[in-house]
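# Coordinate analysis (summary)
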Amino acid sequence: MSEEREPVIAGIETEKGNPEMMPDQSAVVSSETVKMPETGEISETAKMPENTEIPERKLASVQQVEAVTPIEGADLIECIHVLGWMVVGKKGELQAGDLCVYFEIDSFLPVCEQFEFLRKSCYRSNPFMGEGFRLKTQRFRGQISQGLILPLTILPPGRDYTIGEDVTELLGIRKWETEERSTDLGNTIGSLPFGIPKTGEVRIQSCPKLLGEFAKVPSYYISTKMDGTSATMYWKDGKFGVCGRNYEFAEDDASVFWRYAKAHDLAAKLGECGIPDVAIQGEFCGPGIQKNRLRLKRPEWYVFTVIDLNTYQRYSLKAMLDLCERLGLQHVPIEEQGEVFPYKTIDELLERAKGKYPSGSNKEGIVIRSTEPVPCWLFHNAPLSMKVLNNDYLLKE
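This report concerns the structure included in the present document. (Residues numbered from 1 in each chain as written. Predicted model: local features only at pLDDT ≥ 70, side-chain atom pairs only at ≥ 80, totals over all residues. Heavy atoms only, no water.)

### Remarks on the sheet that holds strand 11 (residues 148–150)
- Across the sheet, which stays open at both edges, the 5 strands sit in the order 4-3-2-5-11 with antiparallel pairing between neighbours. Taken across any chain shown, the strands that pair with only one partner, and hence form the sheet edges, are strand 4 (85–90) and strand 11. Shown here is a sheet whose adjacent strand axes are inclined to one another by a mean of 50°, direction ignored.
- In this structure, strand 2 (residues 60–70) lies alongside strand 3 (residues 77–82), joined through 5 bridges in antiparallel fashion. (Pairing = 2+ DSSP bridges. Helix = DSSP H or I, 4+ residues; strand = E, 2+ residues; numbered from the N terminus. Axes fitted to C-alpha atoms, helices over the stretch in contact; angles between N-to-C directions.)

### Some details on helix 4 (residues 256–263)
- Within helix 4 the residues assigned to the buried category are Val-256, Phe-257, Trp-258, Tyr-260 and Ala-261.
- Of the surrounding secondary structure, the elements contacted by the buried residues of helix 4 are strand 16 (229–236), strand 17 (239–243), strand 18 (247–249), helix 5 (266–272), strand 19 (278–285) and strand 20 (300–308).
- Residue Ser-255 occupies the N-cap position of helix 4, its side-chain oxygen lying 3.2 Å from the main-chain nitrogen of Phe-257.
- Directly after helix 4, the chain includes Asp-265, whose backbone phi takes a positive value near 55°. (Buried < 20%, exposed > 50% of the residue type's maximum accessible area, 1.4 Å probe, protein only. Contact = heavy atoms within 4.5 Å. Polar contact = N/O pair within 3.5 Å; in protein donor to acceptor, adjacent residues only side chain to side chain.)

### Overview of the layout of surface pockets
- When its volume is computed, the second largest pocket comes out at roughly 240 Å³.
- Contributing to the lining of the second largest pocket are 16 residues, with Met-86, Ile-144, Asp-347, Leu-350 and Asn-391 lying nearest its centre.
- Listed by contribution, the elements that provide at least two residues to the lining of the second largest pocket are strand 4, strand 10 (143–146), helix 7 (346–352) and helix 8 (391–395). (1 Å grid on protein atoms, 1.4 Å probe; cavity = no way out; pocket = protein on both sides within 12 Å on 5 of 7 lines; lining within 4 Å. Points joined across faces, edges and corners; volume = space filled by probe spheres on them.)

Quick look at the structure:
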């Protein structure tokens, strides 16, 4: 029933809602004024980087409309395709080949005149993020819509812009986040030490070329994306420490991370097993963390990455599973392994990402990696990987 109402979202004038006009999108700058990027090629001598961190998301970027398709039963709106994303917009506003600024979901746009049309549907305010306009996954007449498209005229004039150029900072866009805390993550003592990379994966819709890269790998695996908060536990030069996604935490019983590490005697096990310097990264789930969709009664940690802190190379799947067994740690569920990557389209992957946790809640999605780490030119030779989020999960956020 809610899908047929077509509420006014992101400034779209819907067929059953009151008109809320978007800024004029008709004045789209022609492709002659935009520099086309060079196509990257895989180097046979590419080496794993010292820093294996995936590049930060481009929350707002200059892009080109790939296609425009109709929405069944809709007279005033249509589906606009950018990269691998689909965005519902007003019919006739954009055509294939037009240039635009694309804003990803999870973008938090500042309060200013050019985004004021979003107030009715997207305004949010809290002590952590302040006030602004949050972009979420929506549905119009059964069509998924993810993000926002605006003309290049919202960008400062007087210069050329390159397709793919990141304009996140230029427009003051931030990522929508909740404060990095469960009820008791602890006290921070600094940023991530020893060059440990932040955790994160690129969404397939933001980089459709990843489909072609996975078609080249000798083997792959798919793991469940657990819904919690990122935690890293490291062993370096005989020192043990714990971190969240952005910060290291002090050793005390105020930290749920430290309580978990001590309960599992991780520091002693790492020393006794003679394991080289490593950073072990995983999803920390349980009561008080996110919405505890796994319905856990106590905190659990699901390992998804192990990094050698001497070479900064990511462990293979087998090496990661072996380490987890030696240390008595859980790892993320491995849903699928294979040699030839069978998925040819984003739609196939979006369908594959659907499913539920054992608790019955929609799972967040899946993460796909090569079984052995493979450097990817799309990520400046960081290891090849991607995530596919479950749209059923996103629509409930």
